[in-house]
Amino acid sequence: MNALHTSVRDLASKAGQETALLGWISQFRSSGKIAFLGLRDGTGTVQVVVARNEVDDDSWDSIADLALETSVRVTGSVRQDDRAPGGYEVTASSLEVLGTADEYPIQPKEHGVDFLLNHRHLWLRHGRQAAIMRVRDEVVKAIRDFFYDRDFVLVDSPILTGAIGESAGTLFSTEYFDLGTAYLAQTGQLYVEAAAAALGKVYCFGPTFRAEKSKTRRHLTEFWMVEPEVAWLDSEGNMLLQEEFVSFIVQRVLERRRSDLDILERDVAPLEAIAPPFDRMSYTEAVDALRAGGSDIEWGADLGAEHETVLTEGRQKPLFVYDYPVEAKAFYMKENPEDPRTVKCNDLLAPEGYGEIIGGSQREDDYDRLLARIREEGLPERAYDWYLDLRRYGTFPHSGFGLGLERTVAWICGAPHLREVIAFPRMMTRLTP
Ligand code: 4AD
Ligand code: MG
């Protein structure tokens, strides 16, 4: 609000001095002559002691108006106290209620997850949720730093699009003036491919939309994806970039958000092991391994979550599965010259059962083959005219990938469900708050 109040995080700089604090009541108990308040301000929580004989009458009277989440202004002196969480305590000289609070719906007891999601706008205030948001913020910053430091150019791709990016089955659509149907982007990839021919190394990073009729813990209908695209990079180079990238993100969070991982009670040992090189296995090897373990998966089928879990069991590091069958993947992937039944692509599976966090590939750069794939998939050819132009005017080998932000944050936080790692989750059965 102004320079005259101090954040809980910065209390150390005011040790031994008088200062003002603004925040919400997270806890309170009082006896006849003394009250202990928990004051939460978004940067931390501090205990405030209000003693009857050290405050004016108005301040003391306002204690009667306190409830969970009342907003207050406190002035007082900051005292170092090694027993206090955060190492400081405040002795109040005045207390003013700024906003009273009705009976707060989220009480310190077990609530069902539906109840919490219905109150997501309030649930966000709680320690674990706030810690996840800070980790998410750190991951986003790490992503931007990684690409900026390597001379990638951010190119924002449109959300309203005229072409199907991944698969026709999971599109949100809306009427678009006289032009018919617009789709909400499932990916920015086709656009960053165009940008890669203009700028070499690019990425887009934004919300993407999938009308997935799946209610699993790994699926949102709106999620964030970062998608680098690199000219002259092949599938092998693409995997090297991915393992460097994912390791960078994890190490950055360990460096800067240790206290939040503590709040989340995340075992950091598995994260500390995340460094290149990651394990690698071809799709064919994966199917053989699964079948040897008793699965009846047939070569050609896509891997499901349960397959991913089996493949990553007992591994410390993420696992690349590469060169999937043509029929399991999107139309734009490059045919594998060594085995045309497969495409030059990879998924990256996170350890600890978190499954696919990245899908990537080398792109089909041959005009005729790409056109044939578009036709085979029954995609509307005219919508891809501009995309085919990239193969008409100086085609070039290029590769890229998409990393799902929420999947990555869930893994790093050890959060069991994606709905906790985005502020306002959108799922099949949830559009509010
Ligand atoms: O594997 P996907 O579908 O790949 C693409 O969209 C490519 N066009 C990316 C590219 O090469 N530029 O999605 C990429 C990642 C997945 O690995 C997963 O992490 C995440 O996006 N993802 C989802 N996250 C949450 N909810 C969903 N419904 C998701 N679908 C995909
Ligand atoms: Mg995928």
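Each remark here, short or long, concerns the structure printed above.
Residues numbered from 1 in each chain as written. Chains lettered and ligands numbered in written order. Predicted model: local features only at pLDDT ≥ 70, side-chain atom pairs only at ≥ 80, totals over all residues. Heavy atoms only, no water.

Chemist: Even after reading the chapter, I still don't get the packing of helix α4 (residues 127-149) against helix α6 (residues 235-256), so can you show me in this structure?
Modeler: Helix-helix packing is described using two parameters, namely the angle between the two axes and the distance between the axes. Close contact between α4 and α6 brings their axes to 9 Å; oriented N to C, the two are set at 135°. As the angle between them shows, α4 and α6 are arranged oblique. Relative to α6, the crossing made by α4 is right-handed. Together, V135, E138, V139, K141, A142, I143, D145, F146 and F147 of α4 and L241, E244, F245, F248, I249, R252, V253 and R256 of α6 make up the contact between the two elements. (Axes fitted to C-alpha atoms, helices over the stretch in contact; angles between N-to-C directions. Helix = DSSP H or I, 4+ residues; strand = E, 2+ residues; numbered from the N terminus. Parallel < 35°, antiparallel > 145°, perpendicular 65-115°, else oblique. Left-handed = near helix turned anticlockwise from the far one by under 90°. Contact = heavy atoms within 4.5 Å.)

Chemist: Is there a simple way to explain the environment of G42 in this structure?
Modeler: Locating G42 in the fold gives a position in the loop between β2 (34-40) and β3 (45-51). Separated by 19 residues in the primary sequence, G42 and G23 have C-alpha atoms spaced 7.8 Å apart.

Chemist: Hey, could you run me through the sheet that holds strand β9 (residues 181-184) in this one?
Modeler: The pairing of strands in a sheet comes from backbone hydrogen bonds and takes either a parallel or an antiparallel form. Read from one edge of the open sheet, three strands run β7-β9-β8, paired in antiparallel fashion. Taken across any chain shown, the strands that pair with only one partner, and hence form the sheet edges, are β7 (160-161) and β8 (173-175). Summarising the sheet, β7 and β9 pair through two bridges and their orientation is antiparallel. Of the residues in β9, the one forming a bridge with T161 is Y183. (Pairing = 2+ DSSP bridges.)

Chemist: Help me understand a negative patch on the surface, please; the structure alone is not making it clear to me.
Modeler: A cluster of acidic residues, D56, D58, D61 and D65, forms a negative patch on the protein surface. With respect to the secondary-structure elements, D61 resides in helix α1 (residues 57-62). (Patch = residues over 30% accessible without salt bridge, like charges linked within 9 Å, V, L, I, M, F, W, Y side chains within 5 Å. Areas by Shrake-Rupley, 256 points an atom, 1.4 Å probe, with all protein chains shown as cover. Salt bridge = Lys/Arg side-chain N within 4 Å of Asp/Glu carboxyl O. Lys, Arg positive; Asp, Glu negative; His and termini not counted. Charge placed at Lys NZ, Arg CZ, Asp CG, Glu CD.)

Chemist: Would you mind showing me how to read the packing of aromatic side chains here?
Modeler: Any pair of aromatic rings gets described here by the distance separating the centres and the angle formed by the planes. Considering all chains together, one arrives at 18 aromatic pairs under this definition. A centroid spacing of 5.9 Å and a plane angle of 75° characterise the contact between W386 and Y387, whose relative ring orientation is edge-to-face. Y387 gets classed as buried once you look at its relative accessible area, which sits at 0%. Across the ring face of Y387, the terminal group of R391 is positioned such that the distance to the ring centre comes to 4.3 Å. (Phe/Tyr/Trp six-rings, centres within 6.5 Å; stacked < 30°, edge-to-face > 60°. Buried < 20%, exposed > 50% of the residue type's maximum accessible area, 1.4 Å probe, protein only. Lys NZ or Arg CZ within 6 Å of the ring centre and 35° of its normal.)

Chemist: Please explain unusual backbone geometry as it appears in this structure.
Modeler: In most cases, non-glycine residues show a negative phi, while peptide bonds are predominantly trans. In this model, P276 is joined to P277 through a cis peptide bond whose omega is -5°. Residue P433 follows T432 across a cis peptide bond; omega there is -5°. Residue placement: P433 occurs in the segment after α13 (405-413). Of note, E69 is a non-glycine position whose phi angle comes to about 80°, a positive value. Exposure remark for E69: the relative accessible area of 10% places this residue in the buried category. Unusually for a residue other than glycine, E265 sits at a positive phi of about 55°. Structurally, E265 is set in the loop between α7 (258-263) and α8 (269-272). Residue E265 is classed as exposed on the basis of its relative accessible area, which comes to 71%.

Chemist: I tried to follow the environment of F146 on my own but got confused; where do I start?
Modeler: Turning to its location among the elements, F146 is positioned in helix α4. Separated by 232 residues in sequence, F146 and G378 place their C-alpha atoms 38 Å apart. If sequence neighbours within four positions are ignored, F146 has contacts with L241, E244, F245 and F248.

Chemist: Explain the pattern of salt bridges here, please?
Modeler: Scanning all chains against the criterion turns up 33 salt bridges. Here R125 makes a salt bridge to E69, at a shortest N to O gap of 2.9 Å. Of this pair, R125 sits in the loop between α3 (120-123) and α4 while E69 sits in the loop between α1 and β4 (71-80), and the two are 56 residues apart along the sequence. In this structure, the salt-bridge partner of D145 is K141, at a minimum N-O distance of 2.9 Å. Here the residue D145 and the residue K141 both occupy positions in helix α4, the gap between them amounting to four residues, near one helical turn. Since its relative accessible area comes to 41%, K141 is described here as partly exposed.

Chemist: Would you mind going over the sheet that holds strand β5 (residues 88-99) with me for this structure?
Modeler: Strand order around the closed barrel formed by five strands is β1-β2-β3-β5-β4, with mixed pairing between neighbours. Put simply, the sheet's adjacent strands are angled 55° from each other on average, direction ignored.

Chemist: Explain the site of ligand 1 here, please?
Modeler: Residues in close proximity to ligand 1 total 23 residues, the closest being E166, Q189, R210, E227 and E356. Side-chain polar atom of T187 to a nitrogen atom of ligand 1: 3.0 Å apart, as the coordinates give it. In the environment of ligand 1, a nitrogen atom lies 3.0 Å from a nitrogen or oxygen atom belonging to the backbone of L220. About the coverage of ligand 1: the protein hides 94% of its 630 Å² of free accessible area. At the level of secondary structure, the elements contributing two or more residues to the shell around ligand 1 comprise β11 (222-231), β15 (355-362) and β16 (398-404). (Near = heavy atom within 4 Å. Polar contact = N/O pair within 3.5 Å; in protein donor to acceptor, adjacent residues only side chain to side chain.)

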